[in-house]
Amino acid sequence: MSVQSIAIADSGRPRAERTVFGVIFAISFCHLLNDMMQSLLPAIYPGLKADFHLSFGQIGLITLTYQITASILQPLVGLYADRRPTPLALPGGTLFSLAGLMVLSIAHAYPVLLIGASLLGVGSSVFHPESSRVARMASGGRHGLAQSLFQVGGNAGQALGPLAAALVVVRWGQSSLHFFALLALLSGAVLWNVGAWYKHHGLTLIRAADGGKKAVLLPEGHARRGILVLLALIFSKYVYLASLTSYFTFYLIHRFGVPVRNAQLHLFAFLAAVAVGTILGGPLGDRFGRKPVIWFSILGALPFTLLLPHVDLFWTGPLTVVIGLILASAFPAIVVFAQELVPGKVGMISGLFFGFSFGMGGLGAASLGQLADRFGIEAVYQICAFLPLIGLLAAFLPDTKQAHRPVTPSMKGL
């Protein structure tokens, strides 16, 4: 049974409503470490491109390899964990990230880079579904807030990756990646303790959460339509984000002639804005509803994405910050909305949406790399500017403020 089991709280029992912030912050911290390690890969692309004489298409293939190993495995890990919760999977997954960074630090051939990228992807595929569901388990009914706090750790880690690359990897080279691999050991130690809490207290919270909870009950077709619409919105968001995370530094260097270090700092500012947007999106969804936040966070970015390809360097920085702030607010609301549509499948839904976001980011990076090779890097942003129009599909999201039913023991999964 789910910790909060896609529940809409009524009066509830006090114990079920207590938010366990210590666990949420621990998971968020490990998310920071995990995603900082993961984000070192795109952050070192300029150096890899020069050292290995890579094309944009080959850069995109590295991203695709990483994203595909993460995206395909995540729903499977989540589905397995719904049926058989595995607390030790949390620290165990960090070993793959450690191995991936060690391989990347010594890689001297392009195929070895692909192996290192795939190991990083496996590390993410194990970490995200279980961690997301532990965050929900500890949420005390404040699902949006817990999801935002969990995800902002990842966004902060993604922002720190380019900064770490600018300060360390650019100076000491590819081999310095092995230093960051040590962070996986720290993450593993924290997650070991989280796993112990998960094992000893999770079932108690589950039973407490069950009393006085009601789960969303929608016709099957409406729930399926809602999931498809949410996945389409994820496509829009993450393909656009892929254009910035993978190619923004090249865009700045090519169009404005900025040094690599300055380009990395611009990328850091964008990813920091993504982190802020993420932490705002969940609580706003708790207060005003998921659908309004989803509407604004996808479609609201459109005016700024349309302007971006046509402004000078002075305005490029502020525009990308605004775009990151608005777009990032969508993901916590989307994940929680999807969890409400499919009762009892928190792990599978979390894995599906994290995995799909990774996959779309990878496919987007590979496709945009081919586009940049053929038409130039500036064409990437002229075309991607229209992606937020997909946000109009939010009109087809079902209304979850309708029939409810009590959560029953048949709704399994954490």
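Not measured: the values here are computed from a predicted model.

The rules behind each value
- In this numbering scheme, every chain counts its residues from 1 along its sequence in written order.
- Given that the model is predicted, a residue must reach a pLDDT of at least 70 before its local features are reported, and side-chain atom pairs must reach 80 or more before they are shown or counted; all residues, however, enter totals for whole chains, interfaces and linings.
- Only hydrogens and water are removed before side-chain values are computed, so all heavy atoms of the structure are retained for them.
- Secondary structure elements follow DSSP: runs of H or I no shorter than four residues count as helices, runs of E no shorter than two count as strands, and numbering proceeds from the N terminus.
- Burial classes: relative accessible area under 20% of the type maximum marks a residue as buried, over 50% as exposed, and values in between as partly exposed (1.4 Å probe, protein chains only).
- In this description, contact between two residues means that some pair of their heavy atoms is separated by no more than 4.5 Å.
- Note that accessible areas follow from Shrake-Rupley with a 1.4 Å probe, and for residues the cover is restricted to the protein chains shown.
- Patches draw on residues past 30% relative accessible area with no salt bridge. Two like charges within 9 Å are joined, as are two nonpolar side chains (Val, Leu, Ile, Met, Phe, Trp, Tyr) within 5 Å.
- By definition here, a salt bridge exists when the distance from a side-chain nitrogen of Lys or Arg to a carboxyl oxygen of Asp or Glu is within 4 Å.
- To form a nonpolar core, buried Ala, Val, Leu, Ile, Met, Phe, Trp, Tyr and Cys residues must be joined to one another through side-chain atoms within 4.5 Å.
- Aromatic rings from Phe, Tyr and Trp, taking only the six-membered ring of Trp, are treated as a pair when their centres fall within 6.5 Å; an angle between ring planes under 30 degrees marks them as stacked, one over 60 as edge-to-face, and anything in between as tilted.
- N or O atoms within 3.5 Å of each other form a polar contact, as long as, within protein, one can give a hydrogen and the other can take it, and as long as residues adjacent in sequence are counted only when both atoms are side-chain atoms.
- Lines are fitted to the C-alpha atoms to define the axes, a helix being fitted only along its stretch in contact, and any angle between axes, read from their N-to-C directions, falls within 0 to 180 degrees.
- Roughly parallel here means an angle under 35 degrees, roughly antiparallel means over 145, roughly perpendicular means 65 to 115, and every remaining angle is called oblique.
- Note on residue categories: nonpolar means Ala, Val, Leu, Ile, Met, Phe, Trp, Tyr, Cys or Pro, charged means Asp, Glu, Lys or Arg, and polar means any other residue, Gly included.
- Every residue carries a pLDDT, the predictor's confidence in it, which falls somewhere between 0 and 100.
- A helix is expected to reach a length of 1.5 Å times the quantity of its residues less one.
- In this scheme, a crossing is called left-handed if the near helix is turned counterclockwise away from the far one by less than a right angle; it is called right-handed if the turn is clockwise.

Enquirer: Residues and numbers for the overall build of the protein chain, please.
Expert: Along the backbone of the protein chain there are 17 helices and 3 strands. Among the 414 residues that make up the protein chain, the fraction classed as buried is 60%. In the protein chain, the share of contacts with a sequence separation of at least 24, taken over all contacts with a separation of at least 6, comes to 87%. For the protein chain, the accessible surface area stands at approximately 15700 Å², while carbon and sulfur atoms represent 70% of it.

Enquirer: Lay out the side chain of serine 131 in plain terms, naming residues and giving numbers.
Expert: For serine 131, the position within the fold is in helix α6 (residues 110-137). Judged by its relative accessible area of 0%, serine 131 is buried. When residues no more than four places from it in sequence are discounted, the contact partners of serine 131 are Ile27, Leu90 and Phe150.

Enquirer: Summarise a nonpolar patch on the surface; cite the residues concerned and give the values.
Expert: There is a patch of nonpolar side chains on the surface, built from Val276, Ile279, Leu280, Leu284, Phe288 and Leu325 and spanning about 490 Å² of accessible area. No other element matches the 5 residues that helix α11 (residues 260-288) contributes to the nonpolar patch. On the secondary structure map, leucine 280 appears in helix α11.

Enquirer: Any chance you could break down the nonpolar core for me, citing the residues and the numbers?
Expert: Ile62, Leu230, Tyr247, Ile294 and Phe353 are the most contacted members of the largest nonpolar core, which has 109 residues in total. With 16 residues, helix α10 (residues 220-256) is the single largest residue contributor to this core. If sequence neighbours within four positions are ignored, tyrosine 247 has contacts with Phe56, Ile59, Gly60, Ala242, Ala365, Leu368, Gly369, Ile377 and Tyr381.

Enquirer: Break down the pattern of salt bridges for me, with residues and values.
Expert: For the structure on display, the rule yields 1 salt bridge. Note that arginine 290 is salt-bridged to glutamate 340, the shortest N-O span being 3.6 Å. Of the two residues, arginine 290 sits in helix α12 (residues 290-299) while glutamate 340 sits in helix α15 (residues 330-341), which places them 50 residues apart along the sequence. By the burial criterion, arginine 290 is buried, and glutamate 340 matches it.

Enquirer: Please set out unusual backbone geometry residue by residue, giving values where relevant.
Expert: At histidine 53, a position not held by glycine, the phi torsion is positive, near 55°. Mapped onto the elements, histidine 53 comes out in the loop between α3 (45-52) and α4 (56-83). Judged by its relative accessible area of 68%, histidine 53 is exposed.

Enquirer: I'd like to hear about the packing of aromatic side chains, residue by residue, with values.
Expert: A complete count under the given rule lists 11 aromatic pairs for this structure. Measuring from centroid to centroid gives 6.2 Å for phenylalanine 56 and tyrosine 247, while their planes differ by 75°, and the two rings are edge-to-face. Of the two residues, phenylalanine 56 is situated in helix α4 and tyrosine 247 in helix α10; the sequence distance between them amounts to 191 residues. Their ring planes at 50° and their centres at 4.6 Å tell us that tyrosine 251 and tyrosine 381 sit as a pair that is tilted.

Enquirer: Can you tell me about the side chain of lysine 237, naming the residues and giving the values?
Expert: Along the polypeptide, lysine 237 turns up in helix α10. Here leucine 327 takes part through its backbone oxygen, which lies 3.2 Å from a polar atom of the side chain of lysine 237. Beyond its immediate chain neighbours, meaning those up to four positions away, lysine 237 contacts Ile298, Leu327, Ala328, Ala330 and Phe331.

Enquirer: Lay out the packing of helix α7 (residues 143-172) against α11 with the relevant residues and their values.
Expert: For the pair α7 and α11, the least separation of the axes is 7 Å and the interaxial angle reads 175°. On the basis of the axis angle, α7 is roughly antiparallel to α11. Of the residues that constitute the contact of α7 with α11, the class distribution is 20 nonpolar, 10 polar and 2 charged.

Enquirer: Help me get a handle on the confidence of the model for the protein chain, residues and values and all.
Expert: When the pLDDT values of the protein chain are averaged, the result is 80; 87% of them are 70 or greater. For the protein chain, strand β1 (residues 7-9) is the element with the lowest average pLDDT, namely 35, and helix α13 (residues 302-307) is the one with the highest, namely 94. Counting interchain partners and residues more than four positions distant, the pLDDT-below-50 stretch residues 403-414 has 50 contacts.

Enquirer: Quick rundown of helix α5 (residues 89-106)? Include the residues and the values.
Expert: With 18 residues, α5 extends 27 Å between its outermost C-alpha atoms, agreeing within 8% with the 26 Å of an ideal straight helix rising 1.5 Å per residue. Taken residue by residue, α5 has Ala89, Leu90, Pro91, Gly93, Thr94, Ser97, Gly100, Leu101, Val103, Leu104 and Ser105 as its buried positions.

Enquirer: Could you give an account of the packing of α4 against α6, with specific residues and numbers?
Expert: The N-to-C vectors of α4 and α6 enclose an angle of 30°; their axes lie 7 Å apart at closest approach. Here α4 is positioned roughly parallel relative to α6, judged by the angle of their axes. Read as a crossing pair, α4 and α6 show a hand that is right-handed.

Enquirer: Quick rundown of the environment of glutamine 382? Include the residues and the values.
Expert: On the secondary structure map, glutamine 382 appears in helix α17 (residues 377-384). Residue classification places glutamine 382 among the partly exposed positions, given a relative accessible area of 39%. On a C-alpha basis, the gap between glutamine 382 and proline 309 in space is 5.8 Å, while along the polypeptide they are 73 residues apart.

Enquirer: Mind laying out the environment of asparagine 34, listing which residues take part and the relevant values?
Expert: As for its position among the elements, asparagine 34 is in helix α2 (residues 21-43). With a relative accessible area of 4%, asparagine 34 lands in the buried category. The spacing of asparagine 34 and serine 187 is 153 residues in sequence and 7.6 Å in space, taken between C-alpha atoms. Residues contacting asparagine 34, with those up to four places away along its chain left out, are Ser97, Gly123, Ser124, Phe127 and His128.

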